[in-house]
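# Descriptive analysis of the structure
The chain contents come next:
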Amino acid sequence: MAPPVANSAACPAFWPSAKRRLSAADPVLGAIIRRHPRIALVCRGDPYRTLARSIVGQQISVKAADSVWMRVQAACGEPSPQAVLRRRATTLRNCGLSQRKVEYLRDLASHFVQRRVDHTRLAALADEEVIARLTDIRGIGRWTAEMFLIFNLMRPDVLPLDDLGLLKAIERHYLPGRAPASLLRGEERQQVVELAGRWIPYRSVATWYLWRSLEPVPVEY
């Protein structure tokens with residue numbers, strides 16, 4: 001059964017208990033949590049924005065994604081599905097998007113305009129069911145669906161194993177000397193899974209704080 005959806009304007013209700021449990025289970029993570037006492041995950045409540053911004057952020061740095069997204073906002077106003085569809089592909093390309101990402105954003109916008117994506121139904125599904133539904137949309141892979149689970153549905157126990165930021169933080173704090181890319185596959189990937197076992201049932205929260213250890217300013221999807 002899917003967890004309840006948190007208030008979209010506030011920190012998730014589970015956040016304080018997650019911090020306590022993670023700090024007790026993992027001293028390394030506990031130290032990171034203590035260094036970031038006054039920030040937390042906040043949902044902006046707009047499913048299209050979350051998915052669109054996740055597409056923009058695919059395979060580029062947080063800083064680069066922020067820059068491109070700001071230009072998309074400038075070109076579209078608030079980048080609703082309707083606003084994105086009204087803009088020419090060349091206008092979106094001039095924001096710094098690849099042709100493929102322009103196609104993905106426009107296809108995603110069409111899904112919302114035609115009501116082929118129903119946020120309320122997604123919210124009622126379990127994590128893996130949400131991922132299965134979203135990855136049927138062109139340009140949305142497992143990583144993008146996991147970002148939606150974390151940042152929009154605010155699910156507490158998502159582990160985005162293909163996220164290079166997370167892997168870089170794990171290498172820095174737990175597995176020094178390992179190249180983050182090597183943690184994407186084989187036995188080293190399994191090591192990450194086993195390491196993250198201590199964070200259950202709050203792997204989303206652990207991931208968020210590990211991101212903060214690299215980028216103190218939170219990304220807002």
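Here goes a summary of the coordinates provided.

Another point: the overall build of the protein chain. Secondary structure assignment for the protein chain yields 13 helices and 0 strands. Secondary structure elements in the protein chain, listed N-terminal to C-terminal, are α-α-α-α-α-α-α-α-α-α-α-α-α. Taking 221 residues into account, the globule formula puts the C-alpha radius of gyration at 17 Å, and the protein chain, at 17 Å, falls close to it. Principal axes of the C-alpha set define a box for the protein chain whose edges measure 50 × 35 × 35 Å. When burial is assessed residue by residue, the protein chain has 47% of its 221 residues classed as buried. In the protein chain, once contacts between residues fewer than 6 apart in sequence are set aside, the share between residues at least 24 apart is 68%. Surface summary for the protein chain: the accessible area is close to 11,000 Å², and the carbon and sulfur share equals 51%. Across the protein chain, 33 positive and 21 negative side-chain charges occur, with their mean positions spaced 6 Å apart.

All chains considered together, the criterion is met by 8 aromatic pairs. Of the aromatic side chains, those joined through ring pairs into one cluster are F14, W15, Y202, W208 and Y209. Between the NZ or CZ atom of R212 and the centre of the ring of W208, over which it lies, the distance is 4.7 Å.

What follows covers the pattern of salt bridges. Taken as a whole and assessed by the stated rule, the structure comprises 11 salt bridges. Among the salt bridges present, the one from R198 reaches D26, with a minimum N-O distance of 3.7 Å. Within this pair, whereas R198 is found in the loop between helix 12 (186-196) and helix 13 (203-214), its partner D26 is found in the loop between helix 1 (15-25) and helix 2 (27-34), the two being separated by 172 residues in sequence. By relative accessible area, which is 41% here, R198 ends up partly exposed. A salt bridge links E128 to R142, with the nearest nitrogen and oxygen atoms 2.7 Å apart. Here E128, found in helix 9 (residues 127-134), pairs with R142, found in helix 10 (residues 142-151); they are 14 residues apart in sequence, far enough to count as distant. Members of the salt-bridge network, linked through shared partners, are E128, R142 and E146.

This part takes up helix 4 (residues 62-76). When the terminal C-alpha atoms of helix 4 are compared, their 21 Å separation across 15 residues agrees well with the 21 Å that a helix rising 1.5 Å per residue should span. Taken residue by residue, helix 4 has A65, V68, W69, V72 and C76 as its buried positions. Seen from one end, helix 4 has its buried residues packed into an arc of 100°, which puts them on one side. Opposite the buried face of helix 4, at more than 90 degrees from it, the exposed residues are K63, M70 and A74. In this structure, the buried residues of helix 4 make contact with helix 3 (47-56), helix 5 (81-86) and helix 6 (89-93).

Further remarks concern unusual backbone geometry. Residues I200 and P201 are joined by a peptide bond in cis, for which omega reads 10°. At Q59, a position not held by glycine, the phi torsion is positive, near 65°. Counting through the fold element by element, Q59 comes out in the loop between helix 3 and helix 4. By relative accessible area, which is 86% here, Q59 ends up exposed.

Procedures and definitions
Residues numbered from 1 in each chain as written. Predicted model: local features only at pLDDT ≥ 70, side-chain atom pairs only at ≥ 80, totals over all residues. Heavy atoms only, no water. Helix = DSSP H or I, 4+ residues; strand = E, 2+ residues; numbered from the N terminus. Rg over C-alpha atoms; globule rule 2.2 N^0.38 Å. Buried < 20%, exposed > 50% of the residue type's maximum accessible area, 1.4 Å probe, protein only. Contact = heavy atoms within 4.5 Å. Areas by Shrake-Rupley, 256 points an atom, 1.4 Å probe, with all protein chains shown as cover. Lys, Arg positive; Asp, Glu negative; His and termini not counted. Charge placed at Lys NZ, Arg CZ, Asp CG, Glu CD. Phe/Tyr/Trp six-rings, centres within 6.5 Å; stacked < 30°, edge-to-face > 60°. Lys NZ or Arg CZ within 6 Å of the ring centre and 35° of its normal. Salt bridge = Lys/Arg side-chain N within 4 Å of Asp/Glu carboxyl O. Expected span 1.5 Å × (residues − 1). Arc of directions from axis to C-beta.

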